[in-house]
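# Chains, contacts and geometry: an overview
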Amino acid sequence: MHLSKYFLTTINNYDNMKLFGVLGDPISHSLSPVMHNAAFCALGMDCSYHAFRVKPDSLEYAIKGAGALGFGGLNLTIPLKEKALGIVEPTEMAKNIGAVNTVELKNGIVGHNTDGIGAQMALTDRGIGITGKNVLVLGAGGAARAIAFQLAKDGASVTIANRTVERAQALARDVSKIGDVRASGFDGLKEMIRDTDVLINSTSVGMSPNTPGTLVTSDMMHPDLTVFDIVYNPLKTRLLLEAEKAGAATIDGVMMLVYQGAEAFKIWTGISPPVDVMEKAVRDALGSQHNVAGACVGV
Ligand code: NAP
């Protein structure tokens, strides 16, 4: 490790060099190394974050091995998030969502899910309160589960609309234990959007390479609507272009990615990382399609 040359300040409460990592398969596309290494560099922390390709069958060895090797913490991504529930001690939220994206290795092996809080913070960052708002979540997959649980917990009135309506109904049943929620298919979306304050696309529709895709067009929107697309590749999806056309406010998927990472960083280190540095690192990497694990960027 040659990270000491990047020391800018002294972190008094986090003075050991530590390794961190994201596990998944495939993993080479992950933006987490570039984002976390930028934060470590900016804070002058002698820490390093890397991507590891791990198959589901090896997940338990990988998590326990990282703990034994003194890793500071882990992120998990596809296809490991659900499997981890049987290996770690999940928080209530991770259990509800049914997936773990952050592993804390300090006191035992605790599994968190920070995706929902990432989405919530992306909204509050833009001054959008959640309590009492009508939120329409498109999708009922892993990301939609995290968002629906978090926003219902925060007091939003949540409608989950999904192509496979049975999945929306199953998710709504789960979320109804903690908040106000209902399920729907895609029929009648325009009418639903009339009463919606915040529309969140948490399907993969519009994601590269299928960039012309959108479930909602400008004629279905209104200017008081906030449209949040969690897809970040491309940064400006067709849905966000349609929202601009309708005069609606827009939020792209980068800040959810950044805030879920910032929350993980805080869980591991107790330190609030510089989200502006993390955001710049992610936007630069997306802009250049260049993602080098372990490189000091964004500072
Ligand atoms: P997932 O679990 O596979 O769920 C995919 C969802 O998209 C399902 O609801 C699925 O509906 C729906 N869908 C897929 N193709 C569709 C189509 N042609 N028409 C209508 N609905 C369709 O995926 P995920 O993990 O939730 O991720 C969803 C998207 O969010 C991905 O693009 C991912 O990159 C992005 N994401 C972003 C962040 C961030 O931090 N910004 C975090 C997590 C995920 P069915 O149930 O009917 O199949």
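Notes on the structure in this doc start here. (Residues numbered from 1 in each chain as written. Predicted model: local features only at pLDDT ≥ 70, side-chain atom pairs only at ≥ 80, totals over all residues. Heavy atoms only, no water.)

## Comments concerning the nonpolar core
- By size, the foremost hydrophobic cluster in this structure holds 62 residues, and its most contacted members are Leu123, Leu151, Val158, Ile160, Ile200 and Phe228.
- Examining the composition of this core, we find that eleven residues originate from one element, helix α9 (residues 254-269), more than from any other.
- Both domain 1 (3-113 + 256-287) and domain 2 (117-252) contribute no fewer than three residues apiece to this core.
- Excluding its chain neighbours within four sequence positions, the residues that come into contact with Val158 are Val135, Val137, Ala148, Leu151, Ala152, Asp180, Val181 and Arg182. (Core = buried A, V, L, I, M, F, W, Y, C linked by side-chain atoms within 4.5 Å. Buried < 20%, exposed > 50% of the residue type's maximum accessible area, 1.4 Å probe, protein only. Helix = DSSP H or I, 4+ residues; strand = E, 2+ residues; numbered from the N terminus. Domains from an automatic or database assignment. Contact = heavy atoms within 4.5 Å.)

## Considerations on empty space enclosed by the protein
- Counted according to the given criterion, the structure contains one cavity of 30 Å³ or more.
- For the largest cavity, the full set of lining residues is Leu138, Asn201, Val205, Thr214, Leu215, Asp229 and Leu239.
- Taken together, the residues of the lining of the largest cavity sort by class into four nonpolar, two polar and one charged. (1 Å grid on protein atoms, 1.4 Å probe; cavity = no way out; pocket = protein on both sides within 12 Å on 5 of 7 lines; lining within 4 Å. Points joined across faces, edges and corners; volume = space filled by probe spheres on them. Nonpolar A, V, L, I, M, F, W, Y, C, P; charged D, E, K, R; others polar.)

## Examining the layout of surface pockets
- If you add up the space inside the largest pocket, you get close to 1,500 Å³.
- Taken together, 46 residues make up the lining of the largest pocket; nearest its centre are Thr77, Ile78, Ala143, Met207 and Tyr232.
- Looking at the lining of the largest pocket, the elements with two or more residues in it are β3 (73-76), α5 (142-153), α9 and α10 (275-288).
- When its residues are assigned to classes, the lining of the largest pocket shows 19 nonpolar, 21 polar and six charged.
- Of the domains in this structure, domain 1 (3-113 + 256-287) and domain 2 (117-252) are the two that each give at least three residues to the lining of the largest pocket.

## Let's talk about helix α6 (residues 165-175)
- Looking at α6, one finds that the buried residues are Ala168, Leu171, Ala172 and Val175. Take α6 and look down its axis: the buried residues cluster within an arc of 100 degrees, on one side only. Opposite the buried face of α6, by more than 90 degrees, sit the exposed residues Glu166 and Arg173.
- The elements touched by buried residues of α6 are α5, β8 (157-161) and β9 (180-184). (Arc of directions from axis to C-beta.)

Don't take any of this as a statement about function, it's just geometry.
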